[in-house]
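Structure at a glance
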Amino acid sequence: MAPDRALQRDMSALLPDLRAFARFLTRDATTADDLVQDTLVRALAAQAQFQPDTNLKAWLFTIQRNAFYEQARRRQRETRVLSRRMPEADTVAPAASHRAEVADLQRMLFTLPPLLREALVLVGAQELSHEQAAAICGVPVGTMKARVSRARSQLARTVSAES
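Here is a short report on the structure shown in this document.

Scoring rules and cut-offs
- Residues numbered from 1 in each chain as written.
- Predicted model: local features only at pLDDT ≥ 70, side-chain atom pairs only at ≥ 80, totals over all residues.
- Heavy atoms only, no water.
- Helix = DSSP H or I, 4+ residues; strand = E, 2+ residues; numbered from the N terminus.
- Contact = heavy atoms within 4.5 Å.
- Core = buried A, V, L, I, M, F, W, Y, C linked by side-chain atoms within 4.5 Å.
- Buried < 20%, exposed > 50% of the residue type's maximum accessible area, 1.4 Å probe, protein only.
- Salt bridge = Lys/Arg side-chain N within 4 Å of Asp/Glu carboxyl O.

A word on the environment of Leu 128. When you line up the elements, Leu 128 lands in the loop between α6 (114-125) and α7 (130-137). Along the sequence, Leu 128 and Asn 55 sit 73 residues apart, while their C-alpha atoms lie 9.9 Å from each other. Filtering out sequence-adjacent residues up to four positions away, Leu 128 remains in contact with Lys 57, Phe 61, Leu 122, Val 123, Ala 133 and Ile 136.

The next subject is the nonpolar core. Residues Met 11, Leu 56, Trp 59, Leu 60, Leu 122 and Met 144 are the most contacted members of the largest nonpolar core, which totals 42 residues. Only α1 (3-13), α2 (15-26), α3 (29-45), α4 (56-85), α5 (104-109), α6, α7 and α8 (141-162) provide two or more residues apiece to this core. Of the residues forming this core, the biggest block, eight residues, is contributed by α4. If we skip the residues at most four places from it in the chain, Leu 60 touches Met 11, Leu 14, Leu 18, Thr 39 and Ala 43.

Another point: the pattern of salt bridges. It is possible for side chains bearing opposite charge to pair when their charged atoms get close. Considering all chains together, one arrives at six salt bridges under this definition. Glu 70 is paired through a salt bridge with Arg 74; the nearest N and O atoms lie 3.0 Å apart. With Glu 70 and Arg 74 both in helix α4 and four residues apart, this pair spans about one turn of that helix. Taking the relative accessible area as the measure of exposure, Glu 70 reaches 30% and is therefore partly exposed. Linked through salt bridges whose partners overlap, the residues forming this network are Asp 38, Arg 42, Glu 70 and Arg 74.

Put into structure tokens, the structure is as follows:
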């Protein structure tokens, strides 16, 4: 099998993991699907840059995380520009898309600060090593370990407070 085909097959196998990470980042199924699509487009365009002996999942998660933060910055800029151009009366508050069936764990995860939640999801839910998660986030391994530890402690406090 050609290297490009094998890489594409391996990317396809990681779609559930990419979707799960995107859902944690975006908190919205439709936006998460868009993020996964953008991630795959970027990865396919840059597949020549992938090093075959490295972790494909970590490489894709790095692309996805960077795309997410790039989109967030773009939305902030667009909001600032539009708020200056549009009269106050014409602005419409975005509809909150809260679902009644959201699990308690997901609700508790989103009480964590974004950096702690991201660390816990990468190491816990996505089963990446601290080293891989640190590489994805661009931080030292010790920082990642501290974030995971603080996230777990804060989550435990939240659970015990609700019991």
